[in-house]
Amino acid sequence: MSQSGANFVVTVCGDAAEVARDAASRITQTTRTRDDRCGRFTLVLAGGSTPKAVYRLLADEAVGKIPWEHAHLLFGDERCVGPEHADSNYRMARETLLDCVPVPASQIHRIRGEDGPAAAASAYNRVVSEVLDASEDRVLDVVLLGVGADGHTASLFPGRDFSADAGLMAAPAIAPPASPVKDRVTLTLDCLGRAQRVMFLVTGADKREMLARVLAAAERGGDPALPASMVRCERGVEWIVDMAATDR
Ligand code: 6PG
């Protein structure tokens, strides 16, 4: 079931497993089409726990369907820890996807969180710019995102001074005290806005109230206090959610 808002479409799936299958199908279709057209594609991976099921599907069922050797993988954000740290988004992606698919190591663009937020963000700003420069029409083909209980996405948290991100593709971020790791690096709204497709993956009853607030804010044009509502992309943001997370 789908419903459209001002600049987004919500697809309601029966459960989290169906969200994962739907997202994996869209990712597979888009990456194959893009690869057929220009021989490469970019996929921005989300952190957190929700995307794990999608990554496992892409690793297990879509191998051979996605031309992984032509993939350029980026990360929407990273905690400022090493790649083997339990809280590393890279480690989560490596364990659920990267160790299972033949993406050349030089095409997996990890955020070097261990270098600290300023240095890692500055370096990743260059990396993202180089990946965009090398891609046709300077777009990110698919960006995966989640939404936190406070309305954050990637590591764009409520209270952020978005004006400081102007012209940047990646920037330092500070997570709220309750977060697993305070110092972060995040893609900026300007960068996320370069996506051909943005797919938010939201599951579970604990996200229901926040998802409703974020979608209502997005319909009003976005609210900086709910950063997930600020994400835009040319063809409209796609929300892939389960029934537990919405009353739509
Ligand atoms: C992170 C993620 C973050 C995540 C949301 C939702 O580094 O934690 O990038 O933005 O997507 O917090 O997380 P869950 O999928 O675990 O609910």
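The structure we're discussing is the one just above.
These figures come from a predicted structure and were not determined experimentally. (Residues numbered from 1 in each chain as written. Predicted model: local features only at pLDDT ≥ 70, side-chain atom pairs only at ≥ 80, totals over all residues. Heavy atoms only, no water.)

J.: Could you give me a rundown of the site of the ligand, with the residues and numbers involved?
T.: Near the ligand, the surroundings consist of 15 residues, among which Ser49, Thr50, Asp77, Ala154 and Lys207 are the closest. Note that an oxygen atom of the ligand is positioned 2.7 Å from one of the side-chain N or O atoms of Ser49. Between Asn89 and the ligand, the recorded distance is 2.9 Å, taken from a side-chain N or O atom to an oxygen atom. Protein chains bury 87% of the 410 Å² of accessible surface belonging to the ligand in isolation. Counted by class, the shell around the ligand contains 2 nonpolar, 9 polar and 4 charged residues. (Near = heavy atom within 4 Å. Polar contact = N/O pair within 3.5 Å; in protein donor to acceptor, adjacent residues only side chain to side chain. Areas by Shrake-Rupley, 256 points an atom, 1.4 Å probe, with all protein chains shown as cover. Nonpolar A, V, L, I, M, F, W, Y, C, P; charged D, E, K, R; others polar.)

J.: So what about the nonpolar core? Which residues, and what values?
T.: Counting 78 residues, the largest nonpolar core has Trp68, Phe200 and Trp239 as its most contacted members. Here Phe200 is in contact with Leu145, Gly146, Val147, Thr153, Ala228, Val231, Val237, Glu238, Trp239 and Ile240, once residues within four sequence places are set aside. (Core = buried A, V, L, I, M, F, W, Y, C linked by side-chain atoms within 4.5 Å. Buried < 20%, exposed > 50% of the residue type's maximum accessible area, 1.4 Å probe, protein only. Contact = heavy atoms within 4.5 Å.)

J.: Residue-level account of the side chain of Glu78, with values.
T.: In this fold, Glu78 is placed in strand E5 (residues 77-79). Buried charge without a partner: Glu78 forms no salt bridge, and the closest opposite charge is Arg79, 4.9 Å away. In terms of polar contacts, Glu78 uses its side chain to reach the backbone amide nitrogen of Asn89, at 2.7 Å. Not counting chain neighbours up to four residues away, the residues in contact with Glu78 comprise Asp87, Ser88, Asn89, Tyr90, Ile111, Arg184 and Val185. (Helix = DSSP H or I, 4+ residues; strand = E, 2+ residues; numbered from the N terminus. Lys, Arg positive; Asp, Glu negative; His and termini not counted. Salt bridge = Lys/Arg side-chain N within 4 Å of Asp/Glu carboxyl O.)

J.: Could you give me a rundown of the sheet that holds E5, with the residues and numbers involved?
T.: The strands that make up a sheet pair up through hydrogen bonds in the backbone, lying either parallel or antiparallel. Reading across from one edge, E5-E8-E7 is the order of the 3 strands in this open sheet, with antiparallel pairing throughout. Here the strands that pair on one side only, and so sit at the sheet edges, are E5 and strand E7 (170-174). Direction aside, neighbouring strands of the sheet carry axes that sit 25° apart on average. Alignment of E7 against strand E8 (residues 183-187), held across 5 bridges, turns out to be antiparallel. Following the sheet pairing, Ile174 is matched in E8 by Asp183. (Pairing = 2+ DSSP bridges. Axes fitted to C-alpha atoms, helices over the stretch in contact; angles between N-to-C directions.)

J.: Outline the packing of helix H1 (residues 16-38) against helix H2 (residues 52-60), listing residues and values.
T.: Each pair of packed helices can be described by the angle between their axes along with the distance between the axes. Two elements in contact, H1 and H2, have axes separated by 9 Å at closest approach and are oriented at 55°. Our classification of the angle between H1 and H2 gives oblique. In this structure, the crossing between H1 and H2 has a hand that is right-handed. Within the contact between the two elements, H1 uses Ala20, Arg21, Ala23, Ala24, Ile27 and Thr28 and H2 uses Ala53, Val54, Leu57 and Leu58. (Parallel < 35°, antiparallel > 145°, perpendicular 65-115°, else oblique. Left-handed = near helix turned anticlockwise from the far one by under 90°.)

J.: Kindly report on the pairing of strand E3 (residues 41-45), identifying the contributing residues and their values.
T.: For a regular strand, the rule is simple: side chains alternate between the two faces of the sheet. Burial runs high along E3: 5 of the 5 residues are buried. Bridge count between E3 and strand E4 (residues 71-75): 5 bridges; the pairing is parallel. Residue Val44 lies in a different strand from E4, and its bridge partner there is Leu74. Of the strand pairs in this sheet, E3 and strand E6 (residues 140-145) are connected by 2 bridges, and their pairing is parallel. Each bridged residue has a counterpart across the sheet, and for Leu43 the counterpart in E6 is Val142.

J.: Talk me through the packing of aromatic side chains; I want residue IDs and the actual numbers.
T.: By the definition in use, this model includes 2 aromatic pairs. For the ring pair Phe200 and Trp239, a centre distance of 4.0 Å and an interplane angle of 5° mean the geometry is stacked. Here Trp239 lies in strand E10 (residues 237-242) and Phe200 lies in strand E9 (residues 195-202), a separation of 39 residues in the sequence. Accessibility assignment for this pair places Phe200 and Trp239 in one class, buried. Directly above the aromatic system of Tyr90 lies the positively charged group of Arg110, at a separation of 5.7 Å from the ring centroid. (Phe/Tyr/Trp six-rings, centres within 6.5 Å; stacked < 30°, edge-to-face > 60°. Lys NZ or Arg CZ within 6 Å of the ring centre and 35° of its normal.)

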